[in-house]
Amino acid sequence: MRVAFAGTPEFAAEALRAILAAGYDVPLVLTQPDRPAGRGMQLMPSPVKQLALKHGIPVDQPEKLRTPEQQAALHAAKADVIVVAAYGLILPQAVLDLPRFGCINIHASLLPRWRGAAPIHRAIEAGDAQTGITIMQMDAGLDTGDMLLRRGIAISEDDTTASLHDKLAVLGGELVVEALPRIALCEIAPAPQPADGVTYANKIAKQEAALDFREPASLLARRLRAFDPFPGGLATLDGVAIKLWKGVAEDGQGAPGTIMQADEHGVVVACGIGQLRLLTLQKPGGKRLAAADFLRGHPLQAGQQFALPSA
């Protein structure tokens, strides 16, 4: 079975590693064009490209896949199936129809919940008890195709997007390797997604980092976990923007945004419901610090007030 692969970030690279380890012939890898990264903003190959080159696999990096010229490498690869994982480009119908087994997607949620770009972040932010991986037969819609395999895992109380991403990346690799031989033997009956329970995971916007302490502390604590490693939380105190990375919700009350306590045990801020004990903070130009270390270089006092975003 010839398995072409389309993906870009580390989540996709983990799936490609699993496919290669299982011994599949991968005639072509598609990935996003190299992008500027790092302090020097030098062009950097994606994790998927780096892995493909390490294994001597041809790599194609079209800006789009709309024209016959942009699809030429896929035609030449003569793949039986295309596995897609966090690729970043829309596949037109001509590409979806190209392999005899079509295109299958590794999606990081239990569909139909959290279709879209940021399913890991949104599951944590919403307080979901579990998420998982769905192997899906792709169609022209946004994560609307028939489900082939689906497996869930629990979301722990201290999971961040970073930690949950790593767990799901491994699970995605395992599940796609389980699916491929069954697809080849036509042993999987595709199941349409139910109409009930559809939610969409909108892409994370940088401006979402600004925390509004008028919201419940429990929601803000989840948001900090969901926004780690990007974009983090952000709150302004006396004109200084402070990054917030970890916090826990507690009982208590006060005017939203008011610092109730600041010591080695954390910075406690009153919220619309409850209080948020901030445990990891970062000042401009600095690095993430535990609250005790942060306060030694940036003292805070009870009664100080974080700015509240304008409505």
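Just so it is clear, the structure is predicted and the values come from calculations on it, not from any experiment.

Analysis parameters
Sequence order as written defines the numbering, with residues in each chain counted from 1. Totals for whole chains, interfaces and linings use every residue, but because this is a predicted model, local features are given only for residues with pLDDT of at least 70 and side-chain atom pairs only at 80 or more, for both listing and counting. To obtain the side-chain values, all non-hydrogen atoms of the structure were used and water was disregarded. Numbering goes from the N terminus for both helices and strands, where a helix is a DSSP run of H or I of at least four residues and a strand is a run of E of at least two. Only protein chains enter the accessibility calculation, which uses a 1.4 Å probe; a residue is then buried when its area is under 20% of its type maximum, exposed when over 50%, and partly exposed in between. Whether two residues touch is decided by their heavy atoms; if any such pair falls within 4.5 Å, the residues are in contact. When a carboxyl oxygen of Asp or Glu lies within 4 Å of a side-chain nitrogen of Lys or Arg, that pair is called a salt bridge. The criterion is simple. A nonpolar core is a set of buried Ala, Val, Leu, Ile, Met, Phe, Trp, Tyr and Cys residues joined through side-chain atoms within 4.5 Å. For two strands to count as paired, DSSP must find a minimum of two bridges between them. Think of a polar contact as two N or O atoms within 3.5 Å of one another; within protein, one of them needs to be a possible hydrogen donor and the other a possible acceptor, and neighboring residues in sequence only count if both atoms come from side chains. By this rule the span expected of a helix is its residue count minus one, scaled by 1.5 Å. In this analysis an axis means a line fitted to C-alpha atoms, helices contributing only their contacting stretch, and an angle means the value between N-to-C directions, from 0 to 180 degrees. Under this scheme an angle from 65 to 115 degrees is roughly perpendicular, one under 35 degrees roughly parallel, and one over 145 degrees roughly antiparallel; angles in between are oblique. Residues were grouped as follows: Ala, Val, Leu, Ile, Met, Phe, Trp, Tyr, Cys and Pro as nonpolar; Asp, Glu, Lys and Arg as charged; and all remaining residues, including Gly, as polar.

Visitor: Help me understand the environment of Ala126, please; the structure alone is not making it clear to me.
Guide: Tracing the sequence through the fold places Ala126 in the loop between helix H5 (119–125) and strand S9 (130–137). A relative accessible area of 37% means that Ala126 is categorised as partly exposed. C-alpha of Ala126 to C-alpha of Leu89: the two residues are 37 residues apart in sequence and 27 Å apart in space. Apart from residues no more than four positions distant in its own chain, Ala126 is found in contact with Arg113, Trp114 and Arg222.

Visitor: Which parts of the structure should I look at to understand unusual backbone geometry?
Guide: A negative phi angle characterises most non-glycine residues, just as the trans form characterises most peptide bonds. Note that the residue after Leu111, namely Pro112, is joined by a cis bond; omega there is 15°. Within the secondary structure, Pro112 sits in the loop between strand S7 (103–107) and strand S8 (115–116). Of the consecutive residues Asp228 and Pro229, the connecting peptide bond is found in the cis state with omega at 25°. Checked against the element boundaries, Pro229 lands in the loop between helix H7 (217–226) and strand S12 (233–237). You will see that Cys186, though not glycine, has its phi angle at about 55°, which is positive. With respect to the helices, strands and loops of the structure, Cys186 is situated in the loop between helix H6 (161–184) and strand S11 (200–201). Within the chain, Asp238 stands out as a residue other than glycine whose phi angle is a positive 50°.

Visitor: Can you help me understand the pattern of salt bridges in this one?
Guide: Oppositely charged side chains are able to pair whenever their charged atoms sit close together. For the coordinates displayed, the defined rule picks out 17 salt bridges. In this structure, Arg122 and Glu208 form a salt bridge, with 3.0 Å as the shortest nitrogen-oxygen distance. Of this pair, Arg122 sits in helix H5 while Glu208 sits in the loop between S11 and H7, and the two are 86 residues apart along the sequence. Residue Glu208 is classed as partly exposed on the basis of its relative accessible area, which comes to 24%. Residues joined by salt bridges that share partners form a network here, namely Arg122, Glu125, Glu208, Glu215 and Arg223.

Visitor: Please clarify how the nonpolar core should be interpreted in this entry.
Guide: Soluble globular proteins: nonpolar side chains tend toward being buried together. One finds Phe5 and Ile135 to be the most contacted residues of the largest nonpolar core, which totals 47 residues. The residues touching Phe5, leaving out its near neighbours within four places in the chain, are Ala12, Ala15, Leu16, Ile19, Leu28, Val29, Leu30, Val48, Val83 and Ala85.

Visitor: Any chance you could explain the pairing of S9 here in plain terms?
Guide: On a regular strand, one side chain projects to one face of the sheet and the next to the other, so that they alternate. In terms of residue burial, S9 counts as a mostly covered element, since 6 of its 8 residues are buried. Of the strand pairs in this sheet, S7 and S9 are connected by 4 bridges, and their pairing is antiparallel. Residue pairing in the sheet places Ile104 in a bridge with Gln137 of S9. Where S9 meets strand S10 (residues 147–154), 7 bridges bridge the pair, whose relative direction is antiparallel. Bridge pairing in S10 places Ile133 opposite Arg151.

Visitor: I'm lost on the side chain of Asp80 in this one. Help?
Guide: When you line up the elements, Asp80 lands in the loop between helix H3 (72–77) and strand S6 (81–85). Look at Asp80 and you get buried, because its relative accessible area is 15%. Engagement of the side chain of Asp80 in a polar contact is seen with the side chain of Arg100, the distance being 3.0 Å. Each residue touching Asp80, except ones within four places of it in the same chain, is listed here: Met1, Arg2, Pro99, Arg100, Phe101 and Gly102.

Visitor: Whenever I open this one, H6 confuses me. Can you help?
Guide: An α-helix turns once every 3.6 residues. As a result, residues three or four positions apart point the same way. Taking 1.5 Å of rise per residue, the 24 residues of H6 would be expected to cover 34 Å, and the 33 Å separating its terminal C-alpha atoms lies within 8% of that figure. The complete set of buried residues in H6 reads Thr161, Leu164, Leu168, Ala169, Leu171, Gly172, Gly173, Leu175, Val176, Ala179, Leu180 and Ile183.

Visitor: How should I be thinking about the sheet that holds S10 in this particular structure?
Guide: Pairing between the strands of a sheet is mediated by backbone hydrogen bonds and can be parallel or antiparallel. Spatial ordering of the open sheet is given by S5-S2-S1-S6-S7-S9-S10, a layout of 7 strands whose pairing is mixed. On the outer flanks of this sheet lie strand S5 (59–60) and S10, each paired with one strand and no other.

Visitor: Please explain the packing of helix H1 (residues 10–21) against helix H2 (residues 47–54) as it appears in this structure.
Guide: Helix-helix packing is characterised by the crossing angle of the two axes and by the distance between the axes. Axis separation between H1 and H2 bottoms out at 7 Å; the angle between their running directions is 30°. It follows that H1 is roughly parallel to H2 by the angle criterion. Of the residues in H2, those touching H1 at Glu10, Ala12, Ala13, Leu16 and Arg17 are Pro47, Val48 and Leu51. Looking at side-chain class alone, the contact of H1 with H2 contains 6 nonpolar, no polar and 2 charged residues.

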